[in-house]
Amino acid sequence: MNTSADYLSIILNDIPLLDVRAPIEHDKGCINNALNLPLMSDLEREQVGTCYKNAGQEAAIALGRKLVTPQLQQQRTQRWAEFCQQHPQGLLYCFRGGLRSKITQQWLSDAGIEYPFVEGGYKALRRFLIDELEISVETVPMQLISGRTGCGKTRLLLDIDNMIDLEGLANHRGSSFGAAHDQQPSQINFENAVSAALLKQRHRHQSTVYLEDEGRMIGSLSVPVVLKQKMNDLSHIELDTPLEQRISYAIEDYILILLEGYQRNNDPDTAFELLADRHKQSLSRIQKRLGSERYTLACKLLDRGISTHRNQNNTLGYSDFIELILTQYYDPMYDYQLAKRADKSVFSGSAAEIKDFIKAAE
């Protein structure tokens, strides 16, 4: 039987993976962004599973053969074969490395392709990543990059060699206005990605790994509990950026990038409408904290910014809206949280000064 149980190598080397589980299983979580080419559809899997519970394995296998006709078998095998040809060093997996992996492997073998599967399947890989996350959190030296909203923490992180961009892995910029155009990954996929990123850092070097100072949630996703507990105790380096520059960064991050995403699939007017709707929804979520007067003003400033942008192709109209949100909403919250952790601050400065500080500490 051609199998692999080298889970570490699979993660460290980003081995291409073919996921033959049903789509509903894949959508909950996968490894290495595995491509889902299922042996059975969701409905077929459900029917076979019910048969297995009621009548046993032999009856379930017989039903599977009936549901997956020779024509379907040929179509699915052809798609697997194309994956194998494109990724000769890859592997396939099902949930436990059992019957579905063996059937897939056999059908490929009948087509003249010998292709290994992951021993223990997705379940074993997922267990490996959960265990390794705990080890990484215990052993990898870490430090946080903190700073007010819009100060450019992600830009700084991306300019540091040993870093993990949690917001990038979560596909969210971490604030009420930070949702990306595309959906966030599943919670399990986010956890898998965080564990894999830490594992790679751990095996690449012994130096400090830098992360952005995050809350418990990044959009709809939770930072893994074991990592968040560690982050609560870490020291932090504070990025100090002038307000004018923060406004410029915020316009780019929360306006232009989001609008660009909408423009890819919509006409210009619709893209601006979607942008306005998105940010008005974000404003409604913080309405209570802003207060009615500031909330009403923020909505007016947002409308003015979007109108100026759409009609004059000028983004400076957003400045007053962004300044209000930064100074009246985000900064007071940040200052309150920072005051509680003032003893954990080890340095404060500009992006250039922080990079010099980190280099001197190496």
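This text gives an overview of the structure that appears in the document. What you are looking at is a predicted structure, and each value in this text was computed from that prediction instead of being measured. (Residues numbered from 1 in each chain as written. Predicted model: local features only at pLDDT ≥ 70, side-chain atom pairs only at ≥ 80, totals over all residues. Heavy atoms only, no water.)

### Examining the packing of aromatic side chains
Then, number 1: All chains considered together, the criterion is met by seven aromatic pairs.
Then, number 2: On the numbers, 5.9 Å between centres and 50° between planes, the contact of Y7 with F128 is tilted. Here Y7 is found in helix 1 (residues 7-12), whereas its partner F128 is found in helix 7 (residues 121-139), with 121 residues between them in sequence.
Then, number 3: In this structure F128 comes out as buried when scored by relative accessible area, which is 15%.
Then, number 4: For the pair F347 and F357, a centre-to-centre distance of 4.4 Å together with 10° between the ring planes defines the contact as stacked. Placement of the pair is F347 in strand 12 (residues 345-349) and F357 in helix 17 (residues 351-361), with a sequence separation of 10 residues.
Then, number 5: With a relative accessible area of 24%, F347 lands in the partly exposed category.
Then, number 6: Taking relative accessible area as the criterion, F357 reaches 28% and is therefore assigned partly exposed. (Phe/Tyr/Trp six-rings, centres within 6.5 Å; stacked < 30°, edge-to-face > 60°. Helix = DSSP H or I, 4+ residues; strand = E, 2+ residues; numbered from the N terminus. Buried < 20%, exposed > 50% of the residue type's maximum accessible area, 1.4 Å probe, protein only.)

### Considerations on a negative patch on the surface
Then, number 1: The grouping of D267, D269, E273 and D277 at the surface amounts to a negative patch.
Then, number 2: Turning to its location among the elements, D277 is positioned in helix 13 (residues 268-285).
Then, number 3: Among the residues examined, D277 registers a relative accessible area of 42% and is labelled partly exposed. (Patch = residues over 30% accessible without salt bridge, like charges linked within 9 Å, V, L, I, M, F, W, Y side chains within 5 Å. Areas by Shrake-Rupley, 256 points an atom, 1.4 Å probe, with all protein chains shown as cover. Salt bridge = Lys/Arg side-chain N within 4 Å of Asp/Glu carboxyl O. Lys, Arg positive; Asp, Glu negative; His and termini not counted. Charge placed at Lys NZ, Arg CZ, Asp CG, Glu CD.)

### Details of the packing of helix 12 (residues 243-263) against helix 13
Then, number 1: Axis separation between helix 12 and helix 13 bottoms out at 9 Å; the angle between their running directions is 130°. For the element pair helix 12 / helix 13, the angle class is oblique. As for the relative orientation of helix 12 and helix 13, their crossing is right-handed in sense. On helix 13, the residues that touch Y254, I255, L258, L259, Y262 and Q263 of helix 12 are A271, F272, L274, L275, R278 and H279.
Then, number 2: Grouping the constituent residues of the contact of helix 12 with helix 13 by class yields nine nonpolar, two polar and one charged. (Axes fitted to C-alpha atoms, helices over the stretch in contact; angles between N-to-C directions. Parallel < 35°, antiparallel > 145°, perpendicular 65-115°, else oblique. Left-handed = near helix turned anticlockwise from the far one by under 90°. Contact = heavy atoms within 4.5 Å. Nonpolar A, V, L, I, M, F, W, Y, C, P; charged D, E, K, R; others polar.)

### Comments concerning the environment of D131
Then, number 1: Structurally, the position occupied by D131 is in helix 7.
Then, number 2: Taking the C-alpha atoms as reference, D131 lies 21 Å from S207; in sequence the two are 76 residues apart.
Then, number 3: Within the local environment of D131, its side chain forms a polar contact with the side chain of R127, the two groups lying 3.0 Å apart. (Polar contact = N/O pair within 3.5 Å; in protein donor to acceptor, adjacent residues only side chain to side chain.)

### Details of the side chain of T104
Then, number 1: Inspection of the secondary structure puts T104 in helix 6 (residues 99-110).
Then, number 2: On the basis of relative accessibility, which here comes to 0%, the residue T104 falls in the buried class.
Then, number 3: A distance of 2.8 Å separates a polar side-chain atom of T104 from the backbone oxygen of R100.
Then, number 4: Excluding its chain neighbours within four sequence positions, the residues that come into contact with T104 are V20, L39, W80 and L92.

### Comments concerning the packing of helix 13 against helix 15 (residues 292-312)
Then, number 1: Running from amino to carboxyl end, helix 13 crosses helix 15 at an angle of 165°, the nearest separation of the two axes being 11 Å. For the element pair helix 13 / helix 15, the angle class is roughly antiparallel. Relative to helix 15, helix 13 is oriented so that their crossing is right-handed. Together, D269, F272, E273, L275, A276, H279, K280, L283 and S284 of helix 13 and Y295, A298, C299, L302, D303, I306, H309 and R310 of helix 15 make up the contact between the two elements.

### Considering the pattern of salt bridges
Then, number 1: Tallied over the entire structure, the rule returns 18 salt bridges.
Then, number 2: Within this structure, R148, R246, D331 and D335 form a network of salt bridges that share partners.

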